[in-house]
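Geometric and topological summary
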Amino acid sequence: MKLAVVGGGSTYTPELIDGFARLRDELPVTEIALIDPDLSRLEVVSGMARRMLAHAGHPARVLATSSVEEGVSGAQVVLFQLRVGGQAARDVDETLPLRCGCVGQETTGAGGLAKALRTVPVVLEIAEKVRTHAPEAWIVDFTNPVGIVTRALLDAGHRAIGLCNVAIGFQRHVAALLGVPPSRISLGHVGLNHLTWVRAVYLDGEDVLPSLLAERAEALADGLALRPELLRRLGVVPSYYLRYFYDHDAVVEEQRAKPSRAAEVAAMETKLLEMYADPSVVEKPALLGERGGAYYSEAAVALIASLLGDRPGTHVVNVRNHGTLPFLADETVIEVPAHVTATGAAPLPVPPVEPLYAGLIAHVSAYETLALEAARHGGADRVRNALLAHPLIGQDATAEELTGLLLDANHAYLPWTTRSGQVR
């Protein structure tokens, strides 16, 4: 079985390789193609991958290539984990919106829109090569913004599904709190990518969230930077991305007072690449756990095993709505538990969503539709409309200013703009 990873030179990749090595019985991979245009990084990361597999006694071959065509040819699954513009572009996404008093985040708000504008055209171009050279392959998208990118792929007719590590991370956190294996925990997880709430925590089929909130709200809130009192009052656990909405102004002040997350990650990546280049390093370094993407490999392995028909199962994924949330259009991409088999993912029924959450989901979903239009077709007016529709922006003057700033900062990635950021 051949797997291809687009963005294989990422410092994330050893996390993925570690999962393949540990979970070989679930996913018998024989070849892993790492695809990346940065040959210097690719050489370092692929060398690390080979050592990790050899150390684990895993027989898979590692192919390192800058050719998408060569890398994906014959693959059963292609994982997308690319970052157009690298950490430098991410730094702009996280700092530029602060000039307008808006949250600076790489997937949410103005930064998320900038990333979508850069990313969607590149992803669609690569996906066409997958269609030609591996027409039966599944595309598993881990590239942010996952919801928008997954919808772009589905709208173009690709066999695609979106994956995020937020749900599995929370599942593991709850399992640790309860002292039980993660397999006994499932979640009532609902929303859009990076805009989700856990409304139930099932332990062997019984919802234990009310008792957890009553007794362990502080522990559940750990890492969310939200008040435990909020969780108790709402009776749900928001994802940590909800802090950008629930505590927007405080977040902006915090972000203005410290270096961007992109700057922190860039420093980590330098250290990680040095470690990966050391021939004595044969296991993923502990530092990788600070890089992000925890449990990404385990979620990916389990999902791929289901998509290939070996282990049908339930996974929290990004899929078409198809009536699951009746207040959204069918073509919307939502993030919910779904039953996954070789034929694809079917969302499981979701209890009616309360207005407090449904309103925000609908609002951000409308923004995502406009963001995708801007990413596909370009145009300053489309960018401005998407910004105006986003609940974290939503003011005409702010949307106008941000449009100019974003287009100017990203002109190198947007062929429909000039150097000044204006439309050609």
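Check the entry above for the structure.
So, here is what we can say about the structure in this document. (Residues numbered from 1 in each chain as written. Predicted model: local features only at pLDDT ≥ 70, side-chain atom pairs only at ≥ 80, totals over all residues. Heavy atoms only, no water.)

1. Some remarks on the overall build of the protein chain
Scanning the protein chain from terminus to terminus reveals 17 helices and 13 strands. Taking 22 Å as the expected radius of gyration for a compact globule of 424 residues, we find that the protein chain reaches 21 Å, a close match to that expectation. Along the first, second and third principal axes, the C-alpha atoms of the protein chain reach 55 × 55 × 40 Å. Out of the 424 residues belonging to the protein chain, those deemed buried represent 59%. Here the protein chain has roughly 16,800 Å² of accessible surface; of this, 53% comes from carbon and sulfur atoms. A gap of 2 Å separates the mean positions of the 37 positive and 49 negative side-chain charges of the protein chain. (Helix = DSSP H or I, 4+ residues; strand = E, 2+ residues; numbered from the N terminus. Rg over C-alpha atoms; globule rule 2.2 N^0.38 Å. Buried < 20%, exposed > 50% of the residue type's maximum accessible area, 1.4 Å probe, protein only. Areas by Shrake-Rupley, 256 points an atom, 1.4 Å probe, with all protein chains shown as cover. Lys, Arg positive; Asp, Glu negative; His and termini not counted. Charge placed at Lys NZ, Arg CZ, Asp CG, Glu CD.)

2. Notes on the nonpolar core
By size, the foremost hydrophobic cluster in this structure holds 151 residues, and its most contacted members are F80, V201 and L220. The leading source of residues in this core is helix α5 (residues 109–133), at 11 residues. In this structure L220 touches F170, H173, V174, L177, L209, L212, L213, L231 and V237, once residues within four positions along its chain are discounted. (Core = buried A, V, L, I, M, F, W, Y, C linked by side-chain atoms within 4.5 Å. Contact = heavy atoms within 4.5 Å.)

3. What about the environment of I361?
Along the polypeptide, I361 turns up in helix α15 (residues 355–377). Overall, the relative accessible area of 0% leaves I361 in the buried class. Along the chain, I361 and I304 lie 57 residues apart, while their C-alpha atoms are 28 Å from each other.

4. A look at unusual backbone geometry
Looking along the chain, the bond that leaves N144 and enters P145 is cis, with omega of -10°. With respect to the helices, strands and loops of the structure, P145 is situated in the loop between β5 (138–141) and α6 (146–155). For H194, which is not glycine, the phi torsion reads 65° and is therefore positive. Within the secondary structure, H194 is located in the loop between β7 (185–192) and β8 (195–203).

5. Looking at the packing of α5 against helix α16 (residues 380–389)
Packing of α5 against α16 leaves a shortest axis separation of 10 Å and a crossing angle of 145°. By crossing handedness, the relation of α5 to α16 is classed as right-handed. From α5, A110, L113 and L117 reach across to α16, where they touch V383, A386 and L387. A per-class count over the contact of α5 with α16 returns 6 nonpolar, no polar and no charged. (Axes fitted to C-alpha atoms, helices over the stretch in contact; angles between N-to-C directions. Left-handed = near helix turned anticlockwise from the far one by under 90°. Nonpolar A, V, L, I, M, F, W, Y, C, P; charged D, E, K, R; others polar.)

6. Things to note about the environment of D91
By the element assignment, D91 lies in helix α4 (residues 86–95). Along the chain, D91 and P259 lie 168 residues apart, while their C-alpha atoms are 9.4 Å from each other. In contact with D91, not counting residues within four places along its chain, are S260, A262 and A263.

7. Looking at helix α11 (residues 248–256)
Along α11, the positions that sit buried rather than exposed are H248, V251, V252 and Q255. Mapping the buried residues of α11 onto a view down its axis gives an arc of 100°, with all of them on the same face. The elements touched by buried residues of α11 are α10 (243–246). (Arc of directions from axis to C-beta.)

8. Comments concerning the side chain of Q105
Locating Q105 in the fold gives a position in the loop between α4 and α5. You can call Q105 buried: its relative accessible area is 7%. In terms of polar contacts, Q105 uses its side chain to reach the backbone amide nitrogen of T107, at 2.7 Å. A polar contact of 3.1 Å, which involves the side chain of Q105, links it to the backbone nitrogen of T108. For Q105, the residues in contact, after removing those within four places along its chain, are D93, E94, G111, G112, Y241 and Y244. (Polar contact = N/O pair within 3.5 Å; in protein donor to acceptor, adjacent residues only side chain to side chain.)

9. Considering the packing of aromatic side chains
Pairs of aromatic rings are described using the distance from one ring centre to the other and the angle between the two planes. Summed over all chains, the structure comprises 6 aromatic pairs. Each ring, one from Y12 and one from F142, has its centre 6.1 Å from the other, and the planes form 80°; the classification is edge-to-face. Of this pair, Y12 sits in the loop between β1 (2–6) and α1 (13–22) while F142 sits in the loop between β5 and α6, placing them 130 residues apart in sequence. Across this residue pair, the class does not change: Y12 and F142 are buried. Ring geometry for W197 against Y357: centres 5.0 Å apart, planes inclined by 40°, an arrangement best described as tilted. One end of the pair, W197, is in strand β8; the other, Y357, is in helix α15, and 160 residues separate them in sequence. Across the pair, exposure class does not vary: W197 and Y357 are buried alike. Within the aromatic cluster, the residues linked to one another by ring pairs are Y12, F142 and Y296. We note R118 situated over the ring of Y413; from NZ or CZ to the ring centre the distance is 6.0 Å. In this structure, R291 is placed above the aromatic ring of Y12, and the distance from its NZ or CZ to the ring centre is 4.5 Å. (Phe/Tyr/Trp six-rings, centres within 6.5 Å; stacked < 30°, edge-to-face > 60°. Lys NZ or Arg CZ within 6 Å of the ring centre and 35° of its normal.)

10. Re the packing of α16 against helix α17 (residues 396–409)
Look at α16 against α17: their axes get within 9 Å of each other, and the N-to-C directions meet at 130°. Comparing their axes, α17 and α16 come out oblique. Considering only the axes of α16 and α17, their crossing is right-handed. Across from A380, V383, R384, L387 and L388 in α16, the residues of α17 making contact are D396, A399, E400, L402, T403, L406 and L407. Looking at the contact of α16 with α17 residue by residue, the class counts come to 8 nonpolar, 1 polar and 3 charged. (Parallel < 35°, antiparallel > 145°, perpendicular 65-115°, else oblique.)

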